[in-house]
There are 2 protein chains.
Amino acid sequence: MIELALRGAVQIFSEDGVRDRFKSGKRLRIKLGADPSKPDLHLGHTVILRRLKAMQDMGHEIVFLIGDFTGMIGDPSGKSKTRPKLTLEETRQNGESYLQQVGKILDAERATIEYNSKWLGAMNFADVINLASKYTVARTLERDDFTKRFKENRPISLHELLYPLAQGYDSVALGADIEVGGTDQTFNLLVGRELQRDYGQVPQEVITYPLLVGLDGKDKMSKSLDNYIGIDEPAHTMYEKAMKIPDSVLWDYFILTTDIPEEKAQNLIKTDIIAAHRAYAHEIITLYHGEAAIRDAEERYKAVASGFIPDIMQEAEIATDEDGNIGLLNLIRLCGLSTSNAEARRLVAGRGIKIDNVVVEDVNATICCKDGIVISKGKNRFVKIRCKV
Amino acid sequence: MIELALRGAVQIFSEDGVRDRFKSGKRLRIKLGADPSKPDLHLGHTVILRRLKAMQDMGHEIVFLIGDFTGMIGDPSGKSKTRPKLTLEETRQNGESYLQQVGKILDAERATIEYNSKWLGAMNFADVINLASKYTVARTLERDDFTKRFKENRPISLHELLYPLAQGYDSVALGADIEVGGTDQTFNLLVGRELQRDYGQVPQEVITYPLLVGLDGKDKMSKSLDNYIGIDEPAHTMYEKAMKIPDSVLWDYFILTTDIPEEKAQNLIKTDIIAAHRAYAHEIITLYHGEAAIRDAEERYKAVASGFIPDIMQEAEIATDEDGNIGLLNLIRLCGLSTSNAEARRLVAGRGIKIDNVVVEDVNATICCKDGIVISKGKNRFVKIRCKV
């Protein structure tokens with residue numbers, strides 16, 4: 001159970017500390033800070049939420065810290081356009097919506113929700129000075145995005161330095177035993193650890209998890225980049241988006257957003273990358289809509305996909321090995337879509353080949369042939385396969 | 001009158017702005033921030049207070065801003081040992097004492113006293129964030145002592161960055177037209193100027209004045225270094241300390257702490273440095289104890305000084321020019337305290353020669369001889385002079 005809780009973890013401060021506390025038999029307070037400006041949860045958020053579910057199943061208390069107060073400070077992420085500051089009311093509404101959504105992953109009723117305006121809103125200037133006196137400028141500027149901006153002479157407003165302190169003080173106010181977060185939060189989580197020490201508490205353990213890469217295979221999954229799979233999206237949309245996950249990151253999706261054992265995920269990906277996508281789609285639909293939703297989603301997906309495929313098309317009979325498998329490049333050549341394996345390789349590299357409307361990227365892929373699958377080149381060449389073992 | 005107000009000023013932001021406002025006929029609010037942890041005023045403090053008196057005489061309102069709130073933040077001056085934080089009560093008492101003392105220089109009844117706890121104490125965390133958002137880290141670190149400490153990796157606590165902001169906000173709260181301060185406050189005064197602009201006010205003009213060097217001729221006058229002349233000290237103590245002012249800085253004392261015209265001060269120092277010290281002593285005793293106190297102070301000083309001089313001593317008859325003057329080195333040699341001018345020069349350089357118990361430093365000094373003056377070498381050689389024109 002501890003292994004499931006730590007699955008995919010990037011850094012643990014300290015690993016011995018975390019394991020000892022998990023084994024201590026004490027009911028731990030485990031904190032996750034939630035950004036109140038982004039209430040629509042997607043798979044990226046579930047990376048940590050699924051770990052929290054494992055910890056909740058171990059009997060620990062999960063505390064969602066809604067930064068309704070810090071949300072008003074704005075965005076210290078270093079992006080050029082500053083995020084609009086939220087009103088207290090907006091952040092409170094977003095917090096409620098957040099709570100409702102996490103209920104899809106863990107037991108929201110057994111979790112605790114806290115709003116940091118409760119203690120931060122009660123602090124006056126003298127309290128802020130006292131808090132700020134616990135930390136030095138140099139240490140604050142060690143934060144990755146601050147270091148970068150400072151070196152590049154891009155302005156850092158003074159109030160942004162207060163943000164990690166406020167966030168760290170939340171751990172003091174909560175008396176957190178463990179705080180979890182994305183790797184982009186490492187610095188802030190460690191500030192909490194140090195402030196707790198300054199305030200005479202046992203410093204919290206810190207666990208960071210990876211940021212899930214979005215459907216573009218490049219940037220962190222986020223709604224604003226439209227590279228996300230939302231947990232509230234319809235099953236057929238999930239299906240369609242799952243089929244579009246770049247091959248290179250499908251492994252991360254399996255490990256970070258499902259409980260499918262590593263070995264099974266590995267086999268799926270190794271054997272048939274298309275089938276692996278399909279299996280992943282089934283898994284997330286099961287998680288967020290129930291197993292019963294799979295069939296409809298699959299059919300709807302196929303109907304949508306086949307909308308792009310002409311009714312009458314060339315057919316090809318392909319000889320496979322006894323398991324029904326064939327190498328991708330051979331398949332392309334035998335269908336008549338290329339005259340050589342070299343040309344087939346270039347087509348794949350140029351993202352010009354699709355199977356059942358999904359781009360295939362790996363030139364070394366093995367395809368499990370089934371009667372009726374459609375292989376296409378560009379927008380106009382389609383070949384329907386008939387198998388011959 | 002404007003010239004008297006600006007006498008000795010180091011920097012003016014902007015000079016045109018200051019002169020225009022002085023000429024505008026409007027009654028200006030002129031702010032001086034007072035450090036509430038050092039209530040004992042000495043001549044160093046009077047440098048600016050005398051300028052404020054000139055401004056008050058022009059009809060303007062002088063506002064003493066007692067930093068009773070910022071006094072609780074501690075000392076951001078970069079000294080290794082942090083100054084103990086004051087309680088609100090202590091700062092309030094010190095403020096009252098300050099007011100009483102400035103009454104010796106200007107009309108305290110016509111001046112305004114403000115305590116910044118009035119507005120800073122009413123600010124909450126959100127207000128502090130709003131204030132802090134107006135300023136960037138880079139600009140704050142431009143302050144001389146911050147730059148130095150940051151480069152040398154000496155810790156700067158985050159709360160220290162809030163100090164200039166709080167001080168600058170005082171100008172906003174007061175709606176100051178002009179702020180005056182020592183050259184060590186230049187950065188803070190300019191922050192006030194910028195914050196006023198951010199808050200939609202006409203930015204204050206800023207005038208900085210020099211820091212008076214103490215009796216050691218080296219460091220800024222301060223009580224803790226015991227190199228000060230306090231404005232509350234007895235007249236004979238003032239007399240004694242005035243005679244000890246290093247020759248090299250006596251000019252500054254004349255210009256910065258008296259209204260004696262420059263030309264007169266220059267003549268005094270040029271003609272007879274001892275007599276110039278005496279004239280300076282007379283001037284400050286007149287300012288802080290009244291002219292009537294001079295005679296007693298002088299006699300007491302002489303009695304004290306003569307305690308170190310034996311009753312029976314060698315006498316020397318010295319030939320001077322027709323004005324009674326003689327070069328210092330010649331005097332030393334003719335008295336028999338040296339065998340050559342070169343040796344005399346070394347003695348003066350080593351601070352071994354005194355006239356009437358005052359060290360003479362300038363080897364090129366011209367001494368105005370009078371019967372009965374005593375010239376001494378070290379602690380044991382004394383010669384009483386008889387003059388012969």
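As the structure is a prediction and not an experimental result, all values here were calculated from the model.

**Q** What should I look at first to understand the overall build of chain A in this one?
**A** For chain A, the helix and strand inventory stands at 17 helices and 13 strands. Across its three principal axes, chain A shows a C-alpha extent of roughly 80 × 50 × 35 Å. Taking all 389 residues of chain A together, the buried fraction comes to 52%. Across chain A, every contact between residues at least 6 apart in sequence was considered, and the portion connecting residues at least 24 apart equals 69%. Averaging the locations of the 52 positively and 57 negatively charged side chains of chain A gives two centres separated by 3 Å.

**Q** What is the right way to read the interface of chain A and chain B from this model?
**A** Buried accessible area, meaning the area lost when the parts come together, often serves as the stated size of an interface. The interface is formed by 28 residues belonging to chain A together with 28 residues belonging to chain B. Carbon and sulfur atoms supply 82% of the area buried between chain A and chain B, which totals about 2,600 Å² over both sides. Broken down residue by residue, the surface that chain A buries against chain B is led by F125, V137 and L158 of chain A, which jointly contribute 30%. Here chain A is connected to chain B by zero salt bridges. The tally of links from chain A across to chain B stands at nine residue pairs in polar contact (both at pLDDT 80 or more). Taken together, the elements giving at least two residues each to the side of chain A that touches chain B come down to α6 (125-132), α7 (137-141) and α9 (158-174) of chain A. Here the side of chain A that touches chain B takes six residues from α9 of chain A, the largest share from any one element. Of the residues that constitute the side of chain A that touches chain B, the class distribution is 21 nonpolar, six polar and one charged.

**Q** Whenever I open this one, the pattern of salt bridges confuses me. Can you help?
**A** Side chains that differ in charge, positive against negative, can pair when their charged atoms come close. In this structure the tally under the stated criterion is 54 salt bridges over all chains. A salt bridge links E205 of chain A to R21 of chain A, with the nearest nitrogen and oxygen atoms 3.1 Å apart. Separated by 184 residues along the polypeptide, E205 of chain A in strand β6 (residues 205-209) and R21 of chain A in helix α2 (residues 15-23) bring together distant segments of the chain. The exposure class assigned to E205 of chain A is buried, which follows from its relative accessible area of 8%. The class of R21 of chain A is buried, set by a relative accessible area of 14%. Here R139 of chain B makes a salt bridge to E194 of chain B, at a shortest N to O gap of 3.1 Å. One end of the pair, R139 of chain B, is in helix α7 (residues 137-141); the other, E194 of chain B, is in helix α10 (residues 186-198), with 55 residues separating them in the sequence. Taken together, the salt bridges that share partners define one network made up of R21, K26, D177, R193 and E205 of chain A.

**Q** Honestly, the packing of aromatic side chains in this entry has me stumped. Any pointers?
**A** Both the distance between ring centres and the angle between the ring planes are used here to describe each pair of aromatic rings. All chains considered together, the criterion is met by 14 aromatic pairs over all chains. For the pair Y169 of chain A and Y199 of chain A, a centre-to-centre distance of 5.5 Å together with 70° between the ring planes defines the contact as edge-to-face. Of the two residues, Y169 of chain A sits in helix α9 while Y199 of chain A sits in the loop between α10 (186-198) and β6, which places them 30 residues apart along the sequence. A centroid spacing of 6.5 Å and a plane angle of 80° characterise the contact between Y135 of chain B and F187 of chain B, whose relative ring orientation is edge-to-face. Taken together, the positions of Y135 of chain B in the loop between α6 (125-132) and α7 and F187 of chain B in helix α10 put the pair 52 residues apart, joining distant regions of the chain. Across this residue pair, the class does not change: Y135 of chain B and F187 of chain B are buried. When the ring centre of F146 of chain A is taken as reference, the NZ or CZ atom of R143 of chain A above it lies at 4.2 Å. Above the ring of Y228 of chain A, the side-chain terminus of K241 of chain A is found at 4.1 Å from the ring centroid.

**Q** Which parts of the structure should I look at to understand helix α11 (residues 235-243) of chain A?
**A** It helps to recall that an α-helix has 3.6 residues per turn; residues three or four apart then point in one direction. Most of α11 of chain A sits inside the fold, with eight of its nine residues counted as buried. Buried within α11 of chain A we find A235, H236, T237, M238, Y239, K241, A242 and M243 of chain A.

**Q** Looking at this structure, I do not really get the side chain of T186 of chain B. What am I missing?
**A** When you line up the elements, T186 of chain B lands in helix α10. With sequence-adjacent residues up to four places away left out, T186 of chain B is seen in contact with Q11, F13 and T208 of chain B.

**Q** Got a minute to help me understand the sheet that holds strand β12 (residues 374-377) of chain B in this structure?
**A** Strand-to-strand pairing in sheets goes through backbone hydrogen bonds, with the strands running parallel or antiparallel. Residues and elements named next belong to chain B. Pairing within the open sheet is mixed, and its five strands lie in the order β7-β13-β12-β9-β10. Strand pairing shows two members of the sheet lacking a second neighbour, β7 (314-319) and β10 (358-359), which therefore form its edges. The sheet contact formed by strand β9 (residues 353-355) and β10 spans two bridges and is antiparallel. Residue pairing for β10: I355 is matched across the bridge by V358.

**Q** Quick question: what am I supposed to make of unusual backbone geometry here?
**A** Backbone phi values are negative for most residues with the exception of glycine, while trans is the configuration of most peptide bonds. Residue and element names in this part refer to chain A. At the junction of F13 and S14, the peptide bond is cis and its omega measures out at -15° in the coordinates. Inspection of the secondary structure assignment puts S14 in the loop between β1 (11-13) and α2. Positive phi values are uncommon outside glycine, yet R351 reaches one of about 60°. Mapping R351 onto the fold places it in the loop between α17 (341-349) and β9 (353-355).

**Q** What am I meant to see in the relation of the copies chain A and chain B here?
**A** The second copy of the chain is related to the first by a rotation about an axis and a shift along the axis. For the match of chain A to chain B, the screw axis carries a shift of 0.2 Å, the RMSD comes to 0.2 Å, and the turn is 180°. The two molecules are tied by a two-fold rotation axis, judged by turn and shift. No C-alpha of chain A lies nearer the rotation axis than that of N124 of chain A, which sits 2.0 Å from it. Interface residue correspondence from chain A to chain B reaches 100%, placing this contact among same-surface, isologous pairings.

**Q** How should I be thinking about the sheet that holds strand β7 (residues 314-319) of chain A in this particular structure?
**A** Residue and element names in this part refer to chain A. Spatial ordering of the open sheet is given by β7-β13-β12-β9-β10, a layout of five strands whose pairing is mixed. The sheet is open, and its two edges are formed by β7 and β10 (358-359), each paired on a single side. One ladder, built from four bridges, connects strand β12 (residues 374-377) with strand β13 (residues 381-388); its direction is antiparallel. Each residue of the ladder has a partner; that of I375, found in β13, is V383.

**Q** Where do I start with the packing of helix α3 (residues 43-57) of chain A against helix α14 (residues 273-289) of chain A in this structure?
**A** A packed helix pair is summarised by two numbers, namely the angle formed by the two axes and the spacing between the axes. All names here are of chain A. At a closest axis distance of 14 Å, the pairing of α3 and α14 adopts a crossing angle of 70°. The angle between α3 and α14 places the two elements in the roughly perpendicular class. Read as a crossing pair, α3 and α14 show a hand that is left-handed. Between α3, through L43, T46 and R50, and α14, the contact on the second element is made entirely by Y280, I284, L287 and Y288. Class assignment of the residues belonging to the contact of α3 with α14 gives a composition of five nonpolar, one polar and one charged.

**Q** Looking at this structure, I do not really get the pairing of β12 of chain A. What am I missing?
**A** The two faces of the sheet receive side chains in turn, since in a regular strand these alternate between them. Direction of pairing for β9 of chain A relative to β12 of chain A: antiparallel, over a ladder of three bridges. Each residue of the ladder has a partner; that of K354 of chain A, found in β12 of chain A, is S376 of chain A.

**Q** Please explain the environment of V358 of chain B as it appears in this structure.
**A** Residue and element names in this part refer to chain B. Positionally, V358 belongs in strand β10. When its relative accessible area of 7% is taken as the criterion, V358 is described as buried. On a C-alpha basis, the gap between V358 and S222 in space is 23 Å, while along the polypeptide they are 136 residues apart. Beyond its immediate chain neighbours, meaning those up to four positions away, V358 contacts M243, I274, Y301 and I353.

**Q** Is there a simple way to explain the confidence of the model for chain A in this structure?
**A** When pLDDT drops low, the exact placement of atoms in the prediction is not to be read closely. Residue and element names in this part refer to chain A. Mean pLDDT over chain A: 88, with 94% of residues reaching 70 or higher. Per-residue pLDDT stays below 50 along residues 76-80; that stretch engages in eleven contacts with residues further than four places along the chain or on separate chains. With a pTM of 0.72, the predicted complex shows an ipTM of 0.70.

**Q** Even after reading the chapter, I still don't get the side chain of T208 of chain B, so can you show me in this structure?
**A** Residues and elements named next belong to chain B. Structurally, the position occupied by T208 is in strand β6 (residues 205-209). Take T208: its relative accessible area is 0%, and that puts it in the buried class. In contact with T208, not counting residues within four places along its chain, are A9, V10, Q11, G181, G182, T183, T186 and L189.

What counts and what doesn't
- Residues numbered from 1 in each chain as written.
- Chains lettered and ligands numbered in written order.
- Predicted model: local features only at pLDDT ≥ 70, side-chain atom pairs only at ≥ 80, totals over all residues.
- Heavy atoms only, no water.
- Helix = DSSP H or I, 4+ residues; strand = E, 2+ residues; numbered from the N terminus.
- Buried < 20%, exposed > 50% of the residue type's maximum accessible area, 1.4 Å probe, protein only.
- Contact = heavy atoms within 4.5 Å.
- Lys, Arg positive; Asp, Glu negative; His and termini not counted.
- Charge placed at Lys NZ, Arg CZ, Asp CG, Glu CD.
- Buried area = accessible area lost by both parts, 1.4 Å probe.
- Salt bridge = Lys/Arg side-chain N within 4 Å of Asp/Glu carboxyl O.
- Polar contact = N/O pair within 3.5 Å; in protein donor to acceptor, adjacent residues only side chain to side chain.
- Nonpolar A, V, L, I, M, F, W, Y, C, P; charged D, E, K, R; others polar.
- Phe/Tyr/Trp six-rings, centres within 6.5 Å; stacked < 30°, edge-to-face > 60°.
- Lys NZ or Arg CZ within 6 Å of the ring centre and 35° of its normal.
- Pairing = 2+ DSSP bridges.
- Least-squares fit on C-alpha atoms with pLDDT ≥ 70 in both.
- Axes fitted to C-alpha atoms, helices over the stretch in contact; angles between N-to-C directions.
- Parallel < 35°, antiparallel > 145°, perpendicular 65-115°, else oblique.
- Left-handed = near helix turned anticlockwise from the far one by under 90°.
- pLDDT = per-residue confidence, 0-100.

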